[in-house]
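Chain by chain, the residues:
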Amino acid sequence: MSDEDNIDRRILRELSRDGRQSNLALADRVGLSPSACLRRVAALEKRGVIKGYRAVLSPEKTGVGFTAYITVGLNTHTKSSQESFERAMRAAPQVRECHNITGAVEYLMRVEVADLPAYKAFHTDILGALPQVNTLTTYVVMGSPKDERA
């Protein structure tokens, strides 16, 4: 069960929008004194509610011009097959997210690469080389009307 009150939730909402804002600005936005706000943020960090802070990178400026979601079905449903697949995905820098899901397939991944030829190389040389992969379905991102990671 969540221990956050309305003020904590406002702090979290504000920090998720701009994690680099000053404590003074954050305190003003959530209606607290700077010292009270700092104590609450520190408590949220200590409890693990705030796991870290990240920079949001520009895909265009970092050479990412192609994003796809891929569903992956494995040919065997063993623990070792899953562990081997997951190990390979953790090692692949193109894979930005990899989720073990329920349904007709085992995994949903978000892949970011420079362009279609780079995706084809990833698809063929990385995914296609894994013996436990049975099916792959690619969904190419044409636009993102809402993306709270950005």
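If you're wondering where the values come from, they're calculated on a predicted model, not measured in any experiment.

Draft legend 1. Molecular detail of the packing of helix 2 (residues 23–30) against helix 3 (residues 34–46). Two elements in contact, helix 2 and helix 3, have axes whose closest approach is 9 Å; the angle formed by their N-to-C orientations is 100 degrees. In this view, helix 2 runs roughly perpendicular relative to helix 3, as classed from their interaxial angle. Here Asn23, Leu24, Leu26, Ala27 and Val30 of helix 2 come into contact with helix 3, specifically with Pro34, Cys37, Leu38 and Val41. Here the contact of helix 2 with helix 3 is composed, by residue class, of eight nonpolar, one polar and no charged.

Draft legend 2. Expanded view of helix 2. Within helix 2, burial applies to Leu26, Ala27 and Val30. Projected down its long axis, helix 2 shows its buried positions confined to an angular sector of 100 degrees, all on one face. Opposite its buried face, helix 2 presents the exposed residues Leu24 and Asp28, each directed more than 90 degrees away. Where helix 2 is buried, its residues touch helix 1 (6–17) and helix 3. Phi turns positive, to about 80 degrees, at glycine 31, one or two residues after helix 2.

Draft legend 3. Spotlight on the sheet that holds strand 2 (residues 95–100). Read across the sheet, four strands follow the order 2-3-1-4 without closing on themselves; strand pairing throughout is antiparallel. Of all strands in the sheet, those bounded by a partner on one side alone are strand 2 and strand 4 (133–140). Sheet twist, expressed as the mean angle between neighbouring strand axes with direction ignored, is 20 degrees.

Draft legend 4. Broad picture of the pattern of salt bridges. Tallying each qualifying case throughout the model produces twelve salt bridges. In this structure, aspartate 5 and arginine 40 form a salt bridge, with 3.0 Å as the shortest nitrogen-oxygen distance. With aspartate 5 in the segment before helix 1 and arginine 40 in helix 3, this residue pair connects regions lying 35 residues apart in the sequence. Given the relative accessible area of 31%, aspartate 5 is considered partly exposed. A salt bridge links lysine 146 to glutamate 148; the shortest N-O distance between them is 3.3 Å. Members of the salt-bridge network, linked through shared partners, are Arg96, Glu97, Arg110, Glu112, Asp147 and Arg149.

Draft legend 5. Inspection of the environment of alanine 68 at higher detail. Tracing the backbone through its elements, the reader meets alanine 68 in strand 1 (residues 66–74). Look at alanine 68 and you get buried, because its relative accessible area is 0%. For the pair alanine 68 and methionine 142, spaced 74 residues apart in sequence, the C-alpha to C-alpha distance is 8.9 Å.

Draft legend 6. Just the pairing of strand 1, in detail. In terms of residue burial, strand 1 counts as a mostly covered element, since eight of its nine residues are buried. Two strands pair when backbone bridges link them, and strand 1 and strand 3 (residues 107–113) are joined in this way by seven bridges, in the antiparallel orientation. Looking across to strand 3, one finds that threonine 71 is bridged to leucine 108. With seven bridges joining them, strand 1 and strand 4 adopt antiparallel strand pairing.

Calculation notes
Residues numbered from 1 in each chain as written. Predicted model: local features only at pLDDT ≥ 70, side-chain atom pairs only at ≥ 80, totals over all residues. Heavy atoms only, no water. Axes fitted to C-alpha atoms, helices over the stretch in contact; angles between N-to-C directions. Helix = DSSP H or I, 4+ residues; strand = E, 2+ residues; numbered from the N terminus. Parallel < 35°, antiparallel > 145°, perpendicular 65-115°, else oblique. Contact = heavy atoms within 4.5 Å. Nonpolar A, V, L, I, M, F, W, Y, C, P; charged D, E, K, R; others polar. Buried < 20%, exposed > 50% of the residue type's maximum accessible area, 1.4 Å probe, protein only. Arc of directions from axis to C-beta. Pairing = 2+ DSSP bridges. Salt bridge = Lys/Arg side-chain N within 4 Å of Asp/Glu carboxyl O.

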